[in-house]
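Notes for the structure review
Chain residues, written in single-letter form:
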Amino acid sequence: MSLRADEVEVFERSRARLEAIAYRLLGSASDAEDAVQDTFLRWQAADREHVETAEAWLTRVLTNLCLNQLTSARARRETYVGTWLPEPVLAGDRMLGPVDTVEQRESVSMAVLTLMERLSPNERAVYVLREAFGYSHGEIAEILGVTESNCQQIYRRAKQHVTVERTHAPVDDAAARRIVTEFLAAANSGQIQRLVELLTGDVTSIGDGGGKIPARTRPVVGALAVAKFMRGLFQPSDVKRNLVGGTSPALYAGVVNGGPAVVVVTGEQVVGVMSLEVTPEGVAAIRVQVNPDKLERVTRQWSAAEHGEPLLHVW
């Protein structure tokens, strides 16, 4: 069935919200785009005259498409090479959706997106729709085809699995630059103790190369161990240089998924994103994304924006 102009407009008004829901549900911007496009095709084929509320209909269809993807994604991730980490998204991308409240910011943080991998598809859907988008339990129950009391139980279980240090305020460009500058100076100084002092005692570091780029597949745990590992990453070698095209990469400060990050760039290509999870006690986690498949959107964003001078060149 062909769409009238006003019916296309109805969908386009919902697109940004649908993308934001799908990204939180899937942890992948590219998969989120596919889910939204599939929702559009379902909208095109639907008997739209009998759709009472377009927003509710589109949200229900998108959510169920994402639930199907999550089920198949679990099987795919069992064969994924190394550790699977979420796809990073730079500040300003509409994929992040609403980030006005603490709950909304947390729901798209690297910490929570990683923790949500522990949830069942239904738990993840309930958590996202409730925490980030303020849907009532009655509305979510209708979307998922469960009872309202069951929805409340699912939400309580999800909350128990997803607990993070509360962020007191959003990180802006200036704050991110201060944090990243201090971190890079310590990591590049060669003084292990200087870096240890910036980390929490139980800090963890993990990387995702997707089997395409070498990355640490098991977490490095503890301030001293992570500091030594980070120091090793910053030591120059021909092998590292060849992995990024034989050039010296530039390191920038950025805001990724609401938190400070080191953005590693060669030319206009983002070849790595190091997300720093910062707490009042120090850096509690370092998540390094180097899988090129998960850096395509970041690269497009980066190429289209102003980002100033690099903080450091390495290797």
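For the structure given in this document, a descriptive report is provided here. Every chain's residues receive numbers from 1 upward, in the order its sequence appears when written. Thresholds applied to this predicted model are a pLDDT of at least 70 for local features of residues and 80 or more for the giving and counting of side-chain atom pairs; totals over whole chains, interfaces and linings are not thresholded and use all residues. The side-chain quantities take in all heavy atoms of the structure and omit both hydrogens and water.

1. Details of the pattern of salt bridges
- By convention in these notes, a salt bridge is any Lys or Arg side-chain nitrogen within 4 Å of a carboxyl oxygen on Asp or Glu. Counted by the stated rule, this structure contains 16 salt bridges.
- Note that Lys159 and Glu131 form a salt bridge whose closest N and O atoms lie 3.6 Å from each other. Here the residue Lys159 occupies a position in helix 8 (residues 148-161), and Glu131 occupies one in helix 6 (residues 121-131), the gap between them amounting to 28 residues.
- Per-residue accessibility, obtained with a 1.4 Å probe over protein chains only, is compared with the maximum for each type, and a residue is labelled buried under 20%, exposed over 50%, and partly exposed between these values. Judged by relative accessible area, Glu131 falls into the buried class, the value being 11%. Numbering of helices and strands starts at the N terminus; helices are DSSP runs of H or I of at least 4 residues and strands are runs of E of at least 2.

2. Structural notes on the nonpolar core
- One finds Tyr23, Trp43, Leu62 and Met116 to be the most contacted residues of the largest nonpolar core, which totals 52 residues.
- Elements supplying a minimum of two residues to this core: helix 1 (5-26), helix 2 (29-45), helix 3 (54-77), helix 5 (110-115), helix 6, helix 7 (137-144) and helix 8.
- Take this core: its biggest share by element is 9 residues, from helix 3.
- Only heavy atoms enter the contact rule, under which two residues are in contact if any of them lie within 4.5 Å. Among all residues touching Trp43, those that are not within four sequence positions of it are Leu3, Glu7, Val10, Phe11, Arg48, Val51, Ala54, Trp57 and Leu58.
- Only buried Ala, Val, Leu, Ile, Met, Phe, Trp, Tyr and Cys residues count toward a nonpolar core, and they belong to the same one when joined by side-chain atoms within 4.5 Å. Ranked by size, the runner-up nonpolar core spans 28 residues in total, among them Ala187, Leu251, Ala253 and Leu312.

3. Some remarks on the environment of Tyr155
- Position of Tyr155 among the secondary structure elements: in helix 8.
- Distance in space between the C-alpha atoms of Tyr155 and Tyr127 is 5.9 Å, their sequence separation being 28 residues.
- Residue contacts for Tyr155: discarding those within four places in its chain leaves Val126, Tyr127, Arg130, Glu131 and His137.

Fair warning: the whole summary comes from geometry, so function is off the table for now.
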